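The lines below spell out each chain.
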Amino acid sequence: MATLELLGFGSTGWGALLILAALMTLAVTATALAIGAVLGAIVAGAKLSGNPLLVAFGNVYTTVFRGVPELLIIYLIYFGGSSAVTSIGKAMGYEGFLGLPSFAAGALAVGIISGSYQAEVFRGAYLAIAKGELEAASAIGMNRGMRFRRIIIPQVLRFAIPGLGNVWQLSLKDSALISVTGLAELMRTSQVAAGSTRQYFLFFIAGGCLYLILTSLSDRIFNGAERRANRSMPASAMGQA
């Protein structure tokens, strides 16, 4: 009974807080994935552009943010960003420390990391498009913008879904590192609950089970999206102009 009460089936339980923390983890990861998608698309475009400077920029970005430890990047964004904001505040006459919000700093840091992986996913997806499809689109009179909307985007998304699923899982696990900023996500809440009750095994196992539930549900969603994309592509890839 004591275990059930601790996990949320009594008035002193932590179960509700763990569920809320899991939702916070999902929110951080979804925001990070969206930020990473924008950055990844830009970097993939740079690497595919053929321009030596842009290609070099893309290579440096993916090399640095895939090679540097994720925790270090989170520290740089959170503490370095807070220092920069504080310096700007002092220059404008404000005295005192200005810290970045934990959610924003964490989502941005994980998003930057995610972007380095998504860039390679998008680049590989673009290279997987059959050149004959682009040539056929040009032959029937599609301009560049229409080819981009009708051929490139649907095909890139189709080929990218499996890779994006892997990036999502990576970002979901990286979100645990945001606990160092004090954000009450799943890892942080599990730590606080374990320290407060001294039931370390119980709450870390509970946190691990919630992570497994999130990853399992994510797998089902991405697998369903992949099946749907593969069914719909023949009808949509060469839709009417």
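- Under an unreviewed UniProt entry, the name given to the protein chain is Octopine/nopaline transport system permease protein, and the organism recorded is Rhizobium binae.

**A few points about the overall build of the protein chain**
- Secondary structure summary: the protein chain contains 9 helices and 0 strands in total.
- Along the chain direction, N to C, the helices and strands of the protein chain fall in the order α-α-α-α-α-α-α-α-α.
- Projected onto the principal axes, the alpha-carbon positions of the protein chain cover approximately 70 × 50 × 30 Å.
- Considering the protein chain as a whole, with its 241 residues, one finds that 39% of them fall into the buried category.
- Surface accessibility of the protein chain: about 13200 Å² in total, with carbon and sulfur atoms responsible for 66%.
- Each charge sign in the protein chain was given a centre, from 17 positive and 10 negative side chains, and these centres are 8 Å apart.

**As for the side chain of threonine 181**
- Along the polypeptide, threonine 181 turns up in the loop between helix 7 (144–174) and helix 8 (186–197).
- Residue classification places threonine 181 among the buried residues on the basis of a relative accessible area of 8%.
- Within the structure, threonine 181 has its side chain in polar contact with the backbone oxygen of isoleucine 178 (distance 2.7 Å).
- Aside from chain neighbours lying at most four places away, what touches threonine 181 is Ile74, Tyr78 and Ser102.

**Here's the deal with a nonpolar patch on the surface**
- A cluster of nonpolar side chains, namely Leu71, Leu72, Tyr75, Leu76, Phe79 and Val180, defines an oily patch on the protein surface of about 510 Å² accessible area.
- Structurally, tyrosine 75 is set in helix 4 (residues 70–91).
- The class of tyrosine 75 is partly exposed, set by a relative accessible area of 35%.

**Description of the layout of surface pockets**
- Quantified by volume, the largest pocket comes out at close to 410 Å³.
- Forming the boundary of the largest pocket are Ala41, Ala44, Gly45, Leu48, Phe122, Tyr126, Arg144, Phe148, Ile152, Ile153, Val156 and Leu157.
- When residues of the lining of the largest pocket are traced back to their parent elements, those giving at least two are helix 2 (15–48), helix 5 (102–127) and helix 7.
- If you tally residues by element for the lining of the largest pocket, the top one is helix 7, at 6 residues.
- Here the residues of the lining of the largest pocket sort into 10 nonpolar, 1 polar and 1 charged.

**So, the nonpolar core**
- By size, the foremost hydrophobic cluster in this structure holds 23 residues, and its most contacted members are Phe122, Val156, Ala160 and Leu164.
- Secondary structure elements with two or more residues in this core: helix 2, helix 5, helix 6 (131–139), helix 7 and helix 9 (200–236).
- If you look at the next biggest cluster of nonpolar residues, it comprises 16 residues, including Tyr61, Ala109, Ile112 and Leu183.

**Notes on the environment of glutamate 135**
- Checked against the element boundaries, glutamate 135 lands in helix 6.
- With a relative accessible area of 57%, glutamate 135 lands in the exposed category.
- As a C-alpha pair, glutamate 135 and arginine 147 span 12 residues in sequence and 9.9 Å in three-dimensional space.

**What to know about unusual backbone geometry**
- For arginine 198, which is not glycine, the phi dihedral falls at a positive 60 degrees.
- Position of arginine 198 among the secondary structure elements: in the loop between helix 8 and helix 9.
- Since its relative accessible area comes to 65%, arginine 198 is described here as exposed.

**A word on a positive patch on the surface**
- Side chains of Arg220, Arg227, Arg228 and Arg231 sit close together on the surface and give a patch of like positive charge.
- Classification of arginine 227 by relative accessible area gives exposed; the value is 52%.

**Let's talk about the confidence of the model for the protein chain**
- With 90% of its residues at a pLDDT of 70 or more, the protein chain shows a mean pLDDT of 85.
- The lowest-confidence element of the protein chain is helix 1 (residues 2–9), averaging 53 in pLDDT; the highest-confidence one is helix 3 (residues 52–67), averaging 94.
- A low-confidence stretch, residues 234–241 (pLDDT under 50), is modelled with 11 contacts involving residues beyond four sequence positions or located in other chains.

**Regarding the pattern of salt bridges**
- As enumerated under the stated definition, the model contains 2 salt bridges in all.
- A salt bridge links glutamate 120 to lysine 47, with the nearest nitrogen and oxygen atoms 2.4 Å apart. Within this pair, whereas glutamate 120 is found in helix 5, its partner lysine 47 is found in helix 2, the two being separated by 73 residues in sequence. Each member of the pair, glutamate 120 as well as lysine 47, is classed as buried.
- Put simply, arginine 123 and glutamate 120 hold a salt bridge, and the shortest N to O gap is 3.0 Å.

About the thresholds
Residues numbered from 1 in each chain as written. Predicted model: local features only at pLDDT ≥ 70, side-chain atom pairs only at ≥ 80, totals over all residues. Heavy atoms only, no water. Helix = DSSP H or I, 4+ residues; strand = E, 2+ residues; numbered from the N terminus. Buried < 20%, exposed > 50% of the residue type's maximum accessible area, 1.4 Å probe, protein only. Areas by Shrake-Rupley, 256 points an atom, 1.4 Å probe, with all protein chains shown as cover. Lys, Arg positive; Asp, Glu negative; His and termini not counted. Charge placed at Lys NZ, Arg CZ, Asp CG, Glu CD. Polar contact = N/O pair within 3.5 Å; in protein donor to acceptor, adjacent residues only side chain to side chain. Contact = heavy atoms within 4.5 Å. Patch = residues over 30% accessible without salt bridge, like charges linked within 9 Å, V, L, I, M, F, W, Y side chains within 5 Å. Salt bridge = Lys/Arg side-chain N within 4 Å of Asp/Glu carboxyl O. 1 Å grid on protein atoms, 1.4 Å probe; cavity = no way out; pocket = protein on both sides within 12 Å on 5 of 7 lines; lining within 4 Å. Points joined across faces, edges and corners; volume = space filled by probe spheres on them. Nonpolar A, V, L, I, M, F, W, Y, C, P; charged D, E, K, R; others polar. Core = buried A, V, L, I, M, F, W, Y, C linked by side-chain atoms within 4.5 Å. pLDDT = per-residue confidence, 0-100.

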